[in-house]
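# Tertiary structure, described
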Amino acid sequence: MIHDLAVSVRAWVREARRIVLLSGAGMSAESGVPTFRDAQTGLWAQFRPEELATEQAFRARPGMVWDWYALRREMIDRVAPNAGHLAVAAFQRRHPGRLTVVTQNVDGLHQRAGSPDVLALHGNIADDRWLDAPRPCCLAQAPQPGQPPRCATCGNLRRPAVVWFGELLPAADLAAAEEAAARCDLMLVVGTSGVVYPAAGLARATRGRVAIVNPEPTELDDAADAVLAGTAAALLPQLLED
Ligand code: BJW
């Protein structure tokens, strides 16, 4: 059973020459990855992302923030792409070059589903980098294991290679996402609350149609031509079928 509005969006998908899929945490919810701002459990229940996902929080409590990321890394290693990720990747295989994935997610699930050239605006949780600019001593030896690992000589810390509040997004990926948003005929905005910028701004910057897929209202609903109340894994296979 497919709703009338979903039929319209499916027709927009068929007409569109260029599509952007802008995803957020809800894209991976049905894979078992908790979102940031829904009812949360464990460490998510005690802290807001704005309190943990900052350089200031890491400098103040590196062990605690490192452990938060370590738990999330373990959890992400255990999950798999869901029917939504797979439908996107299958569409891209059938229509090379027509759909660009721009994601705020750091879980790598679009990439694992087979989507090519994903623009990962907030980095990748599987990667680390130096907290402070690396000195020759940092580069000369393997980091000393720990929570977090550190340079044995100067104490510089390793940190997750994700984008925290107040930090710049990767410039090339953001520029490519802005260009794709400016050029697309249709943007599918899936599983994001639309509160975090500049990613949310992409949905306001496009001159193409905007269709939202989300079981709950979002901050971007006023910018949308269609708001589909449903989940990524249920709706994307319908919207993206030929
Ligand atoms: C489902 C579902 C299912 C559930 N199917 N859906 C303009 C105005 C105001 C503030 C700013 C602005 N521009 C910049 C800012 C500051 C700031 C910001 O946006 N603050 C806001 C909170 C107000 N932005 C930044 O600091 C950014 N950097 C920047 O702008 O640099 C320039 C600058 C520098 C210095 C000063 C000023 C500017 C960086 C933002 C980095 C965000 N990082 C995080 C953490 C990443 C690492 C990690 O994973 O730990 O990214 S925070 C967190 O939020 C994460 C997410 O990618 C991001 C977005 O969250 P998302 O994906 O929308 O998740 P939720 O949980 O919010 O929503 C889930 C949705 O799914 C819900 O709607 C559910 O209903 C839905 N859902 N199940 C479909 N099955």
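Description of the structure in this document. What you see is a predicted model, and the numbers here were worked out from it, not measured in a lab.

## With respect to the overall build of the protein
Check the secondary structure of the protein and you find 11 helices and 8 strands. Taken against the 2.2 N^0.38 rule, which gives 18 Å for 242 residues, the C-alpha radius of gyration of the protein at 19 Å falls within 12% of a compact globule. Here the protein, with 242 residues, has 50% of them falling under the buried criterion. The long-range fraction of contacts in the protein, counting pairs at least 24 apart against all pairs at least 6 apart in sequence, stands at 66%. On the protein, roughly 11,500 Å² of surface is accessible, and the fraction owed to carbon and sulfur atoms is 53%.

## Brief notes about the site of the ligand
Looking at the ligand, there are 37 residues lining it, with R37, Y69, R72, T192 and S193 nearest. One nitrogen or oxygen atom from the side chain of E30 is found 2.9 Å from a nitrogen atom belonging to the ligand. With respect to the ligand, the side chain of R37 contributes an N or O atom lying 2.6 Å from an oxygen atom. Top element by residues in the shell around the ligand is helix 5 (residues 62–78). It accounts for 3 residues. Classifying every residue of the shell around the ligand gives 19 nonpolar, 11 polar and 7 charged.

## Points about the packing of helix 6 (residues 83–94) against helix 11 (residues 232–239)
For any two helices packed against each other, one specifies the crossing angle of their axes together with the interaxial distance. Contact pair helix 6 / helix 11: the axes reach a minimum separation of 7 Å and the direction vectors enclose 20°. Taken together, helix 6 and helix 11 sit at an angle that is classed as roughly parallel. When you trace helix 6 past helix 11, the crossing you get is left-handed. Residue-level contacts link A83, G84, A87 and V88 of helix 6 to A232, A233, L236 and P237 of helix 11. Here the contact of helix 6 with helix 11 is built from residues that sort into 7 nonpolar, 1 polar and no charged.

## Concerning the sheet that holds strand 7 (residues 209–213)
Reading across from one edge, 3-2-1-6-7-8 is the order of the 6 strands in this open sheet, with parallel pairing throughout. Only two strands of the sheet have a single neighbouring strand rather than two, namely strand 3 (119–120) and strand 8 (226–228). Inspection of the sheet shows strand 6 (residues 186–190) paired to strand 7 by 5 bridges, in the parallel sense. Each bridged residue has a counterpart across the sheet, and for L188 the counterpart in strand 7 is A211. The sheet contacts of helix 1 (residues 4–15) involve strand 1 (19–23), strand 6, strand 7 and strand 8, and relative to strand 8 the element is tilted by about 120°.

## Quick look at the environment of L21
Note on placement: L21 falls in strand 1. Taking C-alpha positions, L21 is 9.7 Å from A211, a pair spaced 190 residues apart along the chain. The residues touching L21, leaving out its near neighbours within four places in the chain, are M27, V88, L99, T100, V101, V102, H110, L188, V190 and L236.

## Quick look at helix 5
With 17 residues, helix 5 extends 24 Å between its outermost C-alpha atoms, agreeing within 8% with the 24 Å of an ideal straight helix rising 1.5 Å per residue. Those residues of helix 5 lying buried are V65, W66, W68, Y69, R72, R73, M75 and I76.

## What about unusual backbone geometry?
Between Q147 and P148 the backbone carries a cis peptide bond, its omega angle lying at 0°. Relative to the assigned elements, P148 resides in the loop between helix 8 (136–140) and strand 5 (158–162). Geometrically, the link from Y197 to P198 is a cis peptide bond, its omega value of 5° lying close to zero. Unusually for a residue other than glycine, D117 sits at a positive phi of about 50°. Within the secondary structure layout, D117 lies in the loop between helix 7 (109–113) and strand 3. By relative accessible area, which is 70% here, D117 ends up exposed.

Thresholds applied
- Residues numbered from 1 in each chain as written.
- Predicted model: local features only at pLDDT ≥ 70, side-chain atom pairs only at ≥ 80, totals over all residues.
- Heavy atoms only, no water.
- Helix = DSSP H or I, 4+ residues; strand = E, 2+ residues; numbered from the N terminus.
- Rg over C-alpha atoms; globule rule 2.2 N^0.38 Å.
- Buried < 20%, exposed > 50% of the residue type's maximum accessible area, 1.4 Å probe, protein only.
- Contact = heavy atoms within 4.5 Å.
- Areas by Shrake-Rupley, 256 points an atom, 1.4 Å probe, with all protein chains shown as cover.
- Near = heavy atom within 4 Å.
- Polar contact = N/O pair within 3.5 Å; in protein donor to acceptor, adjacent residues only side chain to side chain.
- Nonpolar A, V, L, I, M, F, W, Y, C, P; charged D, E, K, R; others polar.
- Axes fitted to C-alpha atoms, helices over the stretch in contact; angles between N-to-C directions.
- Parallel < 35°, antiparallel > 145°, perpendicular 65-115°, else oblique.
- Left-handed = near helix turned anticlockwise from the far one by under 90°.
- Pairing = 2+ DSSP bridges.
- Expected span 1.5 Å × (residues − 1).

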